[in-house]
Each structure stands twice: as C-alpha cells, then as structure tokens.
Amino acid sequence: MMRAEMTLKRLAEIVEAYGASARRWPAAERQAAEELAARDPQARALIEEASHLDSILDLSPESTASEALISRIMAARPRTVPVSVAMTVSGLNVGLWRSLVQAVWPYGSPAFPAGALALSVMLGVSLGLASPSAVGALGLTSTTTTTATTNAAGEQLVAFALGENEYPEDWKK
C-alpha cells in the first residue's frame, strides 16, 4: 500500500490532537511521523513543545463528574415515552392518548404538526376541486351519464392513473 509523505503540517495536526507521545499517534501514520521527527529539527521542536504541555496536563488532577451533574444530564436526555395500555370503563385513558402523541411527536406540543397536516389536506382538496380534472374531460359531469358510462370512464381513469401506455380509444382523438 502506498502512503503519502508526512508533512510538517500533518505532524502538527497529529501532535495537537494526540499529544507528543508517539504511542498515542494513529498507527497508520506513526512510522512516517517518527521518521520526519528524526530528520527534521522543526518537527523535533514541535514535539518538544507539545511534550511540555503534556507534562503540565499530566500534573493536573483527574476530575470526575459529580453524582448531581450526572443525574441532571440523565434527567435532561431525550427519552422515548412508553405507551401505556391503561383502559377505563368509558374507553381509553387520557394517558394513553398523551403517550401515543408523545411517541409520534416528542418535540413538544403536537398542535403545529397537526395544523400543518390539516392545512395540507385542505389545500389538496381545494386545489383538486378547483382544477379541471380528467373526470370533467370524460364527460362525467353531465347529469345524463349512465352507470355503464361511469364504469367505462372509471376504468379509463384507473388505466391512466396506473400509467398504462395503452390508452382507451376515446382518448386517442
């Protein structure tokens, strides 16, 4: 496998991320970085400077999170809401509905997505009613149409909706 030449810039990135100790460097780049440090005085100076910082960091006490901090973090984490199956005599419990809604929309009030859904349905219905349709083009709007014409027109609409390439003879005019 061919590897790229180690540059001083890449060595600086490695030392900044992993420290001055070569045992912490990525294994794939460790040998090239050590070779560069052996032949380049700037690379050695970079590693020496990082070793001073490492020694200062090693002197600092190890800190662990307090139990209070851990419990605050755990309380604030997002969780899935278990769906309860509690039933009452008159029907489903309000807690069941609330847990179902929270399972679908755990981001707060479901009023916004419910309103957006209702608006999109109303917009789709109103655009569907306002636009000229294939039903009107087939003559189904007349009051004198028979059931046979309706069935034939319905079959033509189904063929059109399914994307069949063979259109009924009436459409080829």
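*Asks:* In this structure, what is going on with the overall build of the protein chain? I would like to understand it.
*Replies:* Regarding its fold elements, the protein chain presents 8 helices and 2 strands. Across the protein chain, helices and strands are ordered from the amino to the carboxyl terminus as α-α-α-α-β-β-α-α-α-α. Per-residue burial over the protein chain gives 14% buried out of 173 residues. Long-range contacts, defined here as pairs at least 24 residues apart, represent 34% of the contacts in the protein chain between residues at least 6 apart. Taken as a whole, the protein chain presents about 13,800 Å² of accessible surface, with 63% of it coming from carbon and sulfur.

*Asks:* Is there a simple way to think about the confidence of the model for the protein chain in this case?
*Replies:* Low-pLDDT stretches of the model should not have their predicted coordinates read in fine detail. Averaged over all residues, the pLDDT of the protein chain equals 77, while 68% of them reach at least 70. The secondary-structure element of the protein chain with the lowest mean pLDDT is strand 1 (residues 87-88), recorded at 46, while helix 1 (residues 8-18) shows the highest, at 93. Note that residues 142-146 has pLDDT below 50 and, in this model, 3 contacts with residues that lie over four places away or in other chains.

*Asks:* Help me out: how do you make sense of a nonpolar patch on the surface in this one?
*Replies:* A grouping of L117, V121, V125 and L129 is seen on the molecular surface, where their side chains present a nonpolar patch of about 420 Å² in accessible area. One can find V125 in helix 6 (residues 111-130).

*Asks:* What should I look at first to understand the side chain of D54 in this one?
*Replies:* By the secondary structure assignment, D54 is in helix 3 (residues 41-59). Note on D54: relative accessible area 13%, which makes it buried.

*Asks:* Hey, could you run me through the packing of helix 1 against helix 3 in this one?
*Replies:* Two elements in contact, helix 1 and helix 3, have axes separated by 10 Å at closest approach and are oriented at 10°. Classified by the angle their axes make, helix 1 and helix 3 are roughly parallel. Facing helix 1, whose interface residues are L8, L11, A12 and V15, helix 3 presents Q42, A43, L46, I47 and A50. Residue composition of the contact of helix 1 with helix 3, grouped by class: 8 nonpolar, 1 polar and no charged.

*Asks:* Honestly, the environment of K9 in this entry has me stumped. Any pointers?
*Replies:* Examined against the element boundaries, K9 turns out to sit in helix 1. Taking the C-alpha atoms as reference, K9 lies 9.4 Å from A43; in sequence the two are 34 residues apart.

*Asks:* What exactly am I supposed to notice about the pattern of salt bridges here?
*Replies:* Side chains that carry opposite charge are capable of pairing whenever their charged atoms lie near each other. Under the defined criterion, the tally for this structure stands at 4 salt bridges. Taking the shortest distance from any N to any O, the salt bridge between E29 and R10 comes out at 2.7 Å. One end of the pair, E29, is in helix 2 (residues 27-39); the other, R10, is in helix 1, and 19 residues separate them in sequence. Assessed through its relative accessible area of 23%, E29 is described here as partly exposed. The shortest N-O distance in the salt bridge between R24 and D54 comes to 3.7 Å. In this pair, R24 is assigned in the loop between helix 1 and helix 2 and D54 in helix 3, connecting sequence segments 30 residues apart.

*Asks:* Looking at this structure, how should I read the side chain of D40?
*Replies:* Looking at where D40 falls in the secondary structure, it is placed in the loop between helix 2 and helix 3. At a separation of 3.0 Å, a polar atom in the side chain of D40 contacts the main-chain amide nitrogen of Q42.

Cut-offs and rules
- Residues numbered from 1 in each chain as written.
- Predicted model: local features only at pLDDT ≥ 70, side-chain atom pairs only at ≥ 80, totals over all residues.
- Heavy atoms only, no water.
- Helix = DSSP H or I, 4+ residues; strand = E, 2+ residues; numbered from the N terminus.
- Buried < 20%, exposed > 50% of the residue type's maximum accessible area, 1.4 Å probe, protein only.
- Contact = heavy atoms within 4.5 Å.
- Areas by Shrake-Rupley, 256 points an atom, 1.4 Å probe, with all protein chains shown as cover.
- pLDDT = per-residue confidence, 0-100.
- Patch = residues over 30% accessible without salt bridge, like charges linked within 9 Å, V, L, I, M, F, W, Y side chains within 5 Å.
- Salt bridge = Lys/Arg side-chain N within 4 Å of Asp/Glu carboxyl O.
- Axes fitted to C-alpha atoms, helices over the stretch in contact; angles between N-to-C directions.
- Parallel < 35°, antiparallel > 145°, perpendicular 65-115°, else oblique.
- Nonpolar A, V, L, I, M, F, W, Y, C, P; charged D, E, K, R; others polar.
- Polar contact = N/O pair within 3.5 Å; in protein donor to acceptor, adjacent residues only side chain to side chain.

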